[in-house]
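Below are the chains, spelled out letter by letter.
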Amino acid sequence: MSTILSVPGLYGSELQHWQTWLERKLPNTQRVEQEDWDNPILPIWAQAVSQSIQQARGKVWIIAHSFGCLASIYAAQKYPEKIAGAMLVAPANPNRFSLHGFQAGELYVSARDNVALHLPKQALGFPSVIVASSNDPWMPLESAEVWADTWESRFINIGAAGHINVASGFGAWPEGLRIFEHFQQSLYDLPQGAINAPQPRFHLVSQEF
């Protein structure tokens, strides 16, 4: 039996958030809790994800949002054999965070200090899909595509959807559930053995999937 880990971003995902909704919809799903949701420290947040990965029975699916995507990638690169797949929704721009957290009002952290230095610069050791928005204030679409290329992730652009959070209208999110289920099924349908071909890429610009 596999486990689904739900990994929220900065400030956590409130009751109305699509992640909370998905946690109720998907069996065997557990939320990765952080001690301080207001202070996104990459090593500390990643440690919480790492503990959840290690404690989970069987393979792990990750559904992460915003800074939770960065913490998940940082943690999961140590346990690629345990990760069945990762759905990364509206990843936060790592150039806006240092290892000491996020400073409100600062658009970017210097290249020598931002957390991008600590993220993989090659294909991940597990399947992944990035779901991005064309007007996300936390990550330019072009930057999201660059990270998708770097990690050889599938890429889905759902159009002008803000940060894909409650503020941009994403409470109950049936489309997100369909994306995750389609992602899962596409991997279940693959033959056994190593696959060296690049992941297929999708560009979805409507709310239909």
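Everything here concerns the structure above.
Residue positions within a chain follow its written sequence, with the count starting from 1. Reporting in this predicted model follows two pLDDT cut-offs: at least 70 for local features of residues, and 80 or more for side-chain atom pairs to be given and counted; totals over whole chains, interfaces and linings ignore these cut-offs and use all residues. Computation of side-chain values: all heavy atoms of the structure, hydrogens and water removed.

J.: Looking at this structure, how should I read the side chain of Ser 128?
T.: Under the scheme used here, helices are H or I runs from DSSP no shorter than 4 residues and strands are E runs no shorter than 2 residues, and both carry numbers assigned from the N terminus. Looking at the secondary structure, you find Ser 128 in strand S5 (residues 128-132). Using a relative accessible area of 1% as the deciding quantity, one classes Ser 128 as buried. Contacts between residues were defined by any pair of non-hydrogen atoms, one from each residue, lying within 4.5 Å. Each residue touching Ser 128, except ones within four places of it in the same chain, is listed here: Ala 86, Ser 153, Arg 154 and Phe 183. Residue exposure (1.4 Å probe, protein chains only): buried if accessible area is under 20% of the type maximum, exposed if over 50%, otherwise partly exposed.

J.: Before we go on, may I ask you to explain the sheet that holds strand S3 (residues 60-65) in this structure?
T.: In sheet architecture, strand pairing relies on hydrogen bonds along the backbone and comes in two forms, parallel and antiparallel. Ordered by their spatial adjacency, six strands build an open sheet running S2-S1-S3-S4-S5-S6, and the pairing between neighbours is parallel. Bordering the open sheet on either side are strand S2 (29-31) and strand S6 (154-157), each of which pairs with just one other strand. Adjacent strand axes in the sheet meet at a mean angle of 15° when their direction is disregarded. Two strands are counted as paired when DSSP detects at least two bridges linking them. Pairing of strand S1 (residues 3-7) with S2 involves three bridges; the strand directions are parallel. Bridge pairing in S2 places Leu 5 opposite Gln 30. Fitted lines through C-alpha atoms serve as axes, helices being fitted only where they are in contact, and the angles separating the N-to-C directions of these axes extend from 0 to 180 degrees. Along the sheet, helix H2 (residues 42-55) contacts S1, S2, S3 and strand S4 (83-89); its crossing angle with S1, the most-contacted strand, is approximately 170°. On top of the sheet, helix H5 (residues 174-188) reaches S1, S3, S4, S5 and S6; it is set at about 150° to S4, its chief contact.

J.: Which parts of the structure should I look at to understand the pairing of S6?
T.: Taken residue by residue, a regular strand's side chains alternate between the two faces of the sheet. Neither face of S6 is left uncovered, since the one carrying Arg 154 and Ile 156 and the one carrying Phe 155 and Asn 157 both have all their residues buried. Note that S5 and S6 share four bridges and pair parallel. When the sheet's bridge partners are listed, Ala 132 is paired in S6 with Asn 157. A crossover gets the label right-handed when its path from the first strand over the helix to the second runs clockwise, viewed with the strands pointing away from the viewer. One crossover worth recording links S5 to the parallel S6 by way of helix H4 (residues 141-151), and it is right-handed.

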